[in-house]
Structures are given as structure tokens and as C-alpha cells.
Amino acid sequence: MYTRRQVLKSSALLAALGLADPLELLASSPRPRFRIGACDWSIHSANKPAAFDVARKIGLEGVQVSLGNVANQMHLTRKDVQQAYKIAAKQAGLKFSGLAIGEMNSVPYKSDPRTEQWVSDSIDVAKGLGCKVVLLAFFSKGDLKNDLPGQKEVIKRLQKVAPKAEKEGITLGIESWLSAAEHKEIIDAVGSPNIKVYYDVANSHHMGYPIYDEIRWLGKDLICEFHAKENGNLLGKGKIDFKEVRKALDDINYTGWIQIEGAVPPKQPMLESYISNNKFLRSVLDLKPSFKS
């Protein structure tokens, strides 16, 4: 992995020789199809601007940040907190790869009135941070599987907030235990192009769904983003065949962020595990190592 200092030295030498500057070539080259980030909660930095420094050490390109929790009153809705995160991201040279409301696992969107304001506010926060997708979590207390009344209430609430998401160009991604067909039923009922599936390969595999077929069936029109995830194993060492995932991504012509989640073996250090996960995923996706400052 080249450091930025090495690239700058090469640039000066090539400029002296009248040859092409690699920084100029890098700037003019098209953006790669995929970019890799990680969830702040997976790199031991939930609700912390320091997540960006950790992600830089791993060699990632961005961080999927949490909107907040009940204890900090969804702190990213505050402008001063957003500014602190922006400074941290700039110092690390990384992007906001996404926004997530994981607190809805404990405070369900299907029943708690506070969550409606959280989702509405998340649209403004995402726009302010320059990311396009907000992950809405539906696990634990927020689980929608076999809960028809809960699904109906979620549909009702999404119908109310969807026009704002459309206006601001933000996609709300549903991550849950539901199958591809069950997700589509909710999306069709809401009737908005800005409500999509946040596809987690490990969660769907755990439920016994045919994940490679589901990805193709949903397609890029219904999937907003992906979690590259394993439970208790490094990526490439567990149950998910990421080469088959890549084939499915190619078939639907997906472009965008892929966030690494989980994928730390028991009693293994997170940082070392995530460096390995990043290296593996980049090899599968044919991505070059990111530059480190």
C-alpha cells in the first residue's frame, strides 16, 4: 500500500522528467464501481468521530455513522456534533459512507412515536453529511417478521416521510429479517422509489434465504446498499461465498458503497481483523488499496 508521501515524491520526479503526474491521473480516472466503508459500531467506535481515524488505519474509504441513541438524544441532529464529525472525516481523508439508525432495534419504528422524528431528522442529517442512504434497522424489538400489524404501521409511517426523502434525494433502506419478496411487498405498498432494501448477506443467509438469487431478483432498483458481513469469522472464511456475491453484483450492475460489518473471529483483535477483511474484499471486488496519509 503506497503512502501519500511516496506518491508525492513520484509526482515530483515525473514532473521533472516531463512525464505524467500520477496524482493527476488519479484525479482524472473514473470513480471505481465499489467503495468500501465500515459501520462505526463494528469498529468499536459507535457514536464517536474517532471512527474515521480507525477507518483510516484499516484502509477504508468511509464510515457508516450512527445517528445516535436515546442517551445522547440522537446527537448527530445537532450542528455542532455534525461539525465535529466533518472535521474528523476531513482529517482522515475519508467520506461519510452512510448513516444508520440502529437505535430502532431497541426503540421500534413500528410502535414508538419518537422514531418518526428520528427518521425525518435523519434525512436532513444525511444531506448535511453528503451521504445518500439511511439504514433503518428492524431487529430485536423492532422485528417485522411475522408481524403484519407492525408491517402495516411501518408502511403508514414510511408513506408519510417518503415525500421528504424524495425531495432531498435520500434513500431510506430497510434492513430486517424479511425475505426479498416480503421486503418488496412493503416497498410496493409505500409506493416510493426512495424506499429500498438494505441487503445484509449474513442476515439473509442466516434466515435460509437464497441470497445470490435474492440479490438478482431484487436488482439495483430495489437494493440501495450492502453489508459485507460474517458472524464470528473473517470475510472469506465463513458461510458467505463473496465471489458469488460479486457475480450477483455484476449481474445487477450495482455500483456504490459496501459496508463491512461484524467479521471478527472470537478473541481476535478488531483492527487486525478489519485490515484482513478490507484486503479480502478489495481482492474480490478488484479494487486497489486505498491511499493512506
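Further up the page is the structure itself.
The following paragraphs examine the structure supplied in this document. Residue indices follow the written sequence of each chain, beginning from 1 at its first position. For a predicted model such as this one, the threshold for reporting local features is a pLDDT of at least 70, and the threshold for listing and counting side-chain atom pairs is 80 or more; totals across whole chains, interfaces and linings nevertheless cover every residue. The side-chain quantities take in all heavy atoms of the structure and omit both hydrogens and water.

1. Observations concerning the pairing of strand β7 (residues 223-230)
Counting buried residues in β7 gives eight out of eight residues, a clear majority hidden from the surface. Strands pair, by our definition, only if DSSP identifies at least two bridges between them. Helix and strand definitions here come from DSSP, where helices need a minimum of 4 consecutive H or I residues and strands a minimum of 2 consecutive E residues; each element is numbered from the N-terminal end. Pairing of strand β6 (residues 195-200) with β7 involves four bridges; the strand directions are parallel. Among the inter-strand pairings, Asp-200 is bridged to a residue of β7, identified as His-227. Where β7 lies against strand β8 (residues 256-262), five bridges are found, and the strand directions are parallel. When accessible area is computed with a 1.4 Å probe and restricted to protein chains, residues below 20% of their type maximum are described as buried, those above 50% as exposed, and intermediate ones as partly exposed.

2. Quick look at the sheet that holds β8
In space, the eight strands of this closed barrel follow the order β1-β2-β3-β4-β5-β6-β7-β8, with parallel pairing throughout. Averaged over all neighbouring strand pairs, the angle between strand axes comes to 30 degrees, with direction disregarded. Against the sheet, helix α6 (residues 148-168) makes contact with β4 (133-138), β5 (171-176) and β6, and its axis sits at roughly 155 degrees relative to β5, the strand it touches most. By definition in these notes, contact holds between two residues if any of their heavy atoms fall within 4.5 Å. Fitted lines through C-alpha atoms serve as axes, helices being fitted only where they are in contact, and the angles separating the N-to-C directions of these axes extend from 0 to 180 degrees. Relative to β6, helix α7 (residues 180-190) is tilted by about 160 degrees, and along the sheet it contacts β5 and β6.

3. Points about the side chain of Glu-175
Relative to the elements of secondary structure, Glu-175 occurs in strand β5. The buried charged residue Glu-175 lacks any salt bridge partner; its closest oppositely charged side chain belongs to Lys-229, at an N-O distance of 5.0 Å. In the analysis that follows, any N or O atom pair within 3.5 Å is treated as a polar contact, provided that within protein one partner can donate a hydrogen and the other can accept it, and provided that, for residues neighboring in sequence, both atoms belong to side chains. Only 3.4 Å separates the side chain of Glu-175 from the side chain of His-227, close enough to count as a polar contact. Once you skip the residues sitting within four places of it in the chain, Glu-175 turns out to touch Leu-135, Leu-136, Ala-137, Phe-138, Phe-139, Tyr-198, Asp-200, Asn-203, His-227 and Glu-261. By the counting scheme adopted, Arg and Lys are positive, Glu and Asp are negative, and His together with the chain ends is not counted. Definition used for salt bridges: Asp or Glu carboxyl oxygen within 4 Å of a side-chain nitrogen of Lys or Arg.

4. A few points about unusual backbone geometry
The backbone phi angle of Asn-146 is positive, close to 60 degrees, even though this residue is not glycine. When you line up the elements, Asn-146 lands in the loop between β4 and α6. Residue Asn-146 is classed as exposed on the basis of its relative accessible area, which comes to 73%. With phi around 55 degrees, Asn-253 is a residue other than glycine that occupies positive phi space. As for its placement among the helices and strands, Asn-253 is situated in the loop between α10 (242-252) and β8. Looking at Asn-253, the relative accessible area reads 43%, which means it is partly exposed.

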